[in-house]
Amino acid sequence: MRPIFELARFSNALERTMKVFKYTGLARHLAYDLPEQLVANFAALGVHAIYPWQSSCLMRSGVLSQSKNLVYTAPTGGGKSLVADVVLLKKVVRQPSKKALLVLPYVALVQEKTKWLRRLVEGLLKEECQDGLGLNARKPRSSEITVVSFYGGSKSKAAWSDCDIAVCTIEKANMLVNSAIEEGNIDDLGIVVCDELHMLDDEHRGYIFELMLTKLMCLQIGIQVVGMSATLANPEVLADWLQAKFFVAKYRPIPIHEHLVYENAIYPSTNSKEFLKTASQLSSSNPTQKPTQPTSIIEQSVHPGLSSPLTNAVVALAVETAEQGYGALVFCSSRASSQAIACLIARTLRHIPSNAEVLERRVDVLASLQALPGGFETCLSDTIPSGVGFHHAGLTVEERDIIAEAYDNGTLKVIVATCSLAAGINLPARRVILNSARMGRDMVGPAMLRQMRGRAGRKGKDEIGETFLCCQKVELEPVAELLEAELPAVISCLTPEKRGIKRAILEVISTRMISTYEGLQEYAQNSLLWHTAPNHKMVLDMLDIAILSLLKDKMIEVTEFDTYAPTALGNAIVASGLTPEDGLFVHADLRQALSSFVMDSELHLFYLFTPIPNHTQSFAMTNEVSWPTFRNLLEQLDEPSLRALRLIGINPALVNRLANDGLDNVPERTEDEIRTARVYRRVYSTFALRDICNEIPINTISLKYSLPRGTIQNLAQTCHGFAAGMIKFCRRMATPISHIVPGQSRNQDDSMIGPDAQLIGAGTPARPTISGSEAAGFSMLAAVLEHMQSRLYAGARADLLEMAQVTFVKGRMARMLYESGLKSVRALSEADAKKDILPIMMSVSGWKLKQIERDVNKEVESEGEGKGRPDDLYEMRRKKLEEKLLRKAEVMVRSAAAIYEREVLRTADFEE
Ligand SMILES: Nc1ncnc2c1ncn2[C@@H]1O[C@H](COP(=O)(O)OP(=O)(O)OP(=O)(O)O)[C@@H](O)[C@H]1O
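Here the structure is a predicted model, which is why all the values come from computation and not from measurement.

About the criteria used
- Along each chain, residues carry numbers from 1 onward, in the same order as the chain's sequence is written.
- With the structure being a predicted model, the display of local features is reserved for residues of pLDDT at least 70 and the display and counting of side-chain atom pairs for 80 or more, all residues being used for whole-chain, interface and lining totals.
- Numbering goes from the N terminus for both helices and strands, where a helix is a DSSP run of H or I of at least four residues and a strand is a run of E of at least two.
- Around each residue's C-beta, the other C-beta atoms within 10 Å are counted; 20 or more make the residue buried, 12 or fewer make it exposed, and counts in between make it partly exposed. All C-beta atoms are placed from the backbone.
- Two residues form a contact once the distance between their C-beta atoms, set from the backbone, is within 7 Å.
- Pairing between two strands is assigned when DSSP locates at least 2 bridges connecting them.
- Here, nearness is defined through the C-beta atom: a residue counts as near a molecule or strand if that backbone-placed atom lies within 6 Å of it.
- Under the convention adopted here, Pro, Cys and the residues Ala, Val, Leu, Ile, Met, Phe, Trp and Tyr are nonpolar, Asp, Glu, Lys and Arg are charged, and Gly plus all remaining residues are polar.
- Axis angles are defined between N-to-C directions and span 0 to 180 degrees, where every axis is a line fitted to C-alpha atoms and, for a helix, only to the segment in contact.
- Crossings are classed by handedness, with left-handed meaning an anticlockwise turn of the near helix from the far one by less than a right angle and right-handed meaning a clockwise turn.
- To be clear, the arc concerns the directions from the helix axis to the C-beta atoms.
- The cut-offs work like this: below 35 degrees is roughly parallel, past 145 is roughly antiparallel, 65 to 115 is roughly perpendicular, and the gaps in between are oblique.
- You can read pLDDT as the predictor saying how much it trusts each residue, on a scale of 0 to 100.

Observations regarding the overall build of the protein
Moving on, step 1. The number of helices and strands found in the protein is 37 helices and 21 strands.
Moving on, step 2. Of all 912 residues assigned to the protein, the portion counted as buried reaches 44%.
Moving on, step 3. Long-range pairs, those at least 24 residues apart, make up 71% of the contacts in the protein with a sequence separation of at least 6.

As for the sheet that holds strand E15 (residues 414-418)
Moving on, step 1. Read from one edge to the other, the open sheet built from eight strands follows the order E12-E11-E10-E19-E16-E13-E15-E14, with strand pairing classed as mixed. Unpaired on one side and paired on the other, strand E12 (296-297) and strand E14 (388-391) mark the two borders of the sheet.
Moving on, step 2. When strand E16 (residues 431-435) meets strand E19 (residues 465-471), the two strands line up parallel, connected through five bridges. Paired with Ile-433 across the strands is Phe-468, a residue of E19.

Brief notes about the site of the ligand
Moving on, step 1. Taken together, 19 residues lie around the ligand, and Thr-76, Gly-79, Lys-80, Ser-81 and Lys-459 are the ones closest in.
Moving on, step 2. Counting residues per element, the shell around the ligand draws most heavily on helix H5 (residues 80-94), at three residues.
Moving on, step 3. Per-class residue counts for the shell around the ligand are seven nonpolar, nine polar and three charged.

Re unusual backbone geometry
Moving on, step 1. Positive phi values are uncommon outside glycine, yet Arg-512 reaches one of about 70 degrees.
Moving on, step 2. Structurally, Arg-512 is set in the loop between helix H19 (502-510) and helix H20 (517-525).

So, the pairing of strand E2 (residues 99-103)
Moving on, step 1. Among the five residues of E2, five are classified as buried, and the element is accordingly described as predominantly covered.
Moving on, step 2. Alternating positions in E2 separate into two faces, Lys-99, Leu-101 and Val-103 on one and Ala-100 and Leu-102 on the other, with burial throughout.
Moving on, step 3. Looking at chain direction, E2 and strand E7 (residues 189-194) are connected through five bridges and run parallel. Bridge pairing links Val-103 to Cys-194 in E7.
Moving on, step 4. Alignment of E2 against strand E6 (residues 165-168), held across four bridges, turns out to be parallel. Counterpart to Leu-101 in the pairing with E6 is Ala-166.

Re the sheet that holds E2
In sheet architecture, strand pairing relies on hydrogen bonds along the backbone and comes in two forms, parallel and antiparallel.
Moving on, step 1. One open sheet accounts for seven strands, arranged E5-E6-E2-E7-E8-E1-E9; its pairing is parallel. Looking at which strands have only one partner, the edges of the open sheet turn out to be strand E5 (147-150) and strand E9 (244-248). The mean inter-strand angle of the sheet, taken between neighbouring strand axes irrespective of direction, is 15 degrees.

Considerations on the packing of helix H26 (residues 627-635) against helix H28 (residues 652-661)
If you want to describe how two helices pack, look at the angle between their axes and the distance between the axes.
Moving on, step 1. Remark: H26 packs on H28, axes separated minimally by 8 Å, with the N-to-C direction vectors making an angle of 145 degrees. In terms of crossing hand, the pair formed by H26 and H28 is left-handed. Packed against H26, whose contacting residues are Trp-627, Pro-628, Phe-630, Arg-631 and Leu-634, the element H28 presents Pro-652, Val-655, Asn-656, Leu-658 and Ala-659 at the interface.
Moving on, step 2. Residue classes in the contact of H26 with H28 are distributed as eight nonpolar, one polar and one charged.

Here's the deal with the environment of Asp-401
Moving on, step 1. Here Asp-401 lies in helix H15 (residues 397-408).
Moving on, step 2. Along the chain, Asp-401 and Pro-708 lie 307 residues apart, while their C-alpha atoms are 17 Å from each other.

What to know about H26
Moving on, step 1. When we look at burial in H26, the residues that qualify are Trp-627, Phe-630 and Leu-633. End-on, the buried residues of H26 take up no more than an arc of 115 degrees, which puts them together on one face.
Moving on, step 2. The inward-facing, buried residues of H26 contact H28 and helix H29 (671-693).

Re helix H3 (residues 36-44)
Moving on, step 1. All of the buried residues in H3 are Leu-38, Val-39, Ala-40, Asn-41 and Phe-42.
Moving on, step 2. Note on H3: the residue one or two positions beyond its end, Gly-46, has a positive phi of about 95 degrees.

A few points about the packing of helix H13 (residues 356-370) against H15
Moving on, step 1. At a closest axis distance of 10 Å, the pairing of H13 and H15 adopts a crossing angle of 170 degrees. It follows from the interaxial angle that H13 and H15 lie roughly antiparallel. For the pair H13 and H15, contact is made by Val-365, Ser-368 and Leu-369 and by Glu-399, Ile-402 and Ala-406, respectively.

Describing the environment of Trp-241
Moving on, step 1. By the element assignment, Trp-241 lies in helix H9 (residues 235-241).
Moving on, step 2. Ignoring anything within four residues of it in the chain, the contact list for Trp-241 reads Leu-528 and His-531.

Some points on the confidence of the model for the protein
Moving on, step 1. Mean pLDDT over the protein: 81, with 82% of residues reaching 70 or higher.
Moving on, step 2. In this model, residues 1-28 is a region of pLDDT below 50 whose contacts with residues beyond four sequence positions or in other chains number 49 contacts.
Moving on, step 3. Counted against residues more than four places away or in other chains, residues 615-623, with its pLDDT under 50, gives 23 contacts.
Moving on, step 4. On the interface metric, ipTM, the complex scores 0.97, and its pTM is 0.76.

Concerning the environment of Asp-162
Moving on, step 1. The topology assignment puts Asp-162 in the loop between E5 and E6.
Moving on, step 2. Look at Asp-162 and you get exposed, because 11 C-beta atoms sit within 10 Å.
Moving on, step 3. Once residues within four sequence positions are removed from consideration, Asp-162 is found in contact with Thr-146 and Val-148.

What follows is the structure in structure tokens.
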């Protein structure tokens, strides 16, 4: 290792850093040209030296000088993120006018990375300006670096303009890039880092990576692109596409010892070839083949639940790891089996004594789970005391966070999870145990298998890593095939069989990036599709077909200059982040609402705010509708609500028939039938959304609709973003925007176009692409939806709506204030922040106090009494929290006073 950051012996960070430079040679450090504070921050986070491969990768010409794009791969846990962190932070510090986008596929990863980067930029300043040169140069002004996360369901209201580094999900990143192009400030973007680049070939979400990167490649304005992955079979192809340097590293700081387990026997496999050989020998019926010898045998338990050798092996291996005081991650094929296996492991571990302090921490974990407003999976009460948790998408985010944190800090020793955990968060383990290699009924793919096994032995957490792939006889052959399988080459998802290029074309026309046919051809030539297609004519034909289809669907039009311009519809679809197909679906629903909107029931509005099936893939999948429940819900509706549903297209007789016949779903053979099925599924979700807004606990809703709590929570979180998208859709439909010059188009809140908006081409008339009355209708609908949006944000009934306008008063807080007598904005405006509001806020934040207590105990335990007395530390942090909440309470009172004053003035105006 090259010890550029070697340190630890010095107390003061800066002093430490200076010593580092002397020790390692300034020349080496200057090669990276990193600010001292950044070096110190890396060291404080445990990165004292850089791996040789990281150094070689960074030193590829043009990478650090930010003139070259970079694509690289390294094994899981190999330290890829550090390379990207260095390039990204250097850009932001040295070119302070530039912003950085960091794109990750999962919300949990976005949150984790945001926390990491915030710690990394602590005290790190970007240089604001440097006027003049030499002796006359003015000293640069400096300012702090802001890191903001963007993802669906995020409560943050931060805007692109507020941040230096935006950490985003793929969809949000694409939307940010679209808005920046449209608003003419894409120049502000200096670097885009794409983690998990292999996701490019994920048909559901990954193709948006390609749309975004193709735009950046086409723009040619020097935005540096950095892409990385542990599972890229063809980095050179991607590098060629992105005009990037590429680098392949094989280094893994902690090697993994791999094993195959079959019929209670453990076979070693030092590499995947040997693994494959062992698996093939075991599955072979050839008597002449010399049998492979196991290294050890797992004792078969007499417990009836462990009669299957596979389950017996999985449980025994997990128990052994926990007994030795290490962490084990067990991957199962389904949510149900992960819970069942967790219970079996816990039952065995129950008889093994743990120390009193650990037991107490587990009691705290359970208490935190019990305190969750959304309820918790009661089965966890059986497993947590033994140090075992489970983790899957059926749990709420809070449950998953508590379990992951307890595992990370050693309170829990085993987590049993579905494979979504492997890619979703960075939880390391001494031992990774695969209870067969399946996801549902299918075998996992080679990339996922690598991700799962890659969780074993992570630098900074453990010094050894082991994996055990446990399988049954029938699985030996598919497992052998899986092990032999090469990682599939990443290919474009824009092929006609997958997503096609319609959305891609609509986006670039709608954002005004391209308006000519030649421009569109050039765009297509910048896509991965072009780089991987065997035949370029096919791509150009696809382009023609997509243009025709967009013209036919009236999403784009041909102007009198023979260029392409978006229609209001096309613009609305792109602005609200929908695919063209989903956009048409939503448009049909909104037009119907325009023609006959049912105002005397909330149901129609809730329907329009319900994310459409496929928009949030996890909700209301085909087989998740319980038709008997649907029928019961219809039976309880009042007349206006029933009328609303009939208008939307629900036929109660059909629901009745499906419930009686025990059928799974409405038929989906023709396009009409597919649309109808989507409407039924969306309405089912609408009922759940209505319950969420009526503050029915997640637990109760989950039971009522036979849907997991995680699914209900996902609906609650995604509906806000979807509702905002619908409002944007209506606003754009209401506005003649087709000839607005980029950069002049709209206000920050994306509301109306100013009267001075410039026209493209002298004398070009601004032609609304929909009729005046329809535009007015959409404008009215936007206003109605906007009004109702606060109902969603409040998560509370109408009587709390007024309160929910006040800053920081949302959901539970609104209810608590209401219940303690502060029932109106006026009452709140007259309240005493310290005496009346602070105690309520402290009780709502009870879980935070628990968290403080846990953190203090943990720190004192690891750093000793030098940190201070636990009680004093706790008191100090409690006071800090109190001060923070008091400031919030004061803002609340001021906000309530402002709203009340406005209200009084409005009434006075009206009375005059
Ligand atoms: N040079 C280094 N010295 C010490 N620790 C390091 C170094 N580089 C990375 N690490 C640590 O190793 C761990 C794994 O690194 P990182 O998350 O960057 O790996 P990765 O290759 O991105 O893994 P994955 O593919 O699983 O996301 C992290 O805890 C990270 O802080």
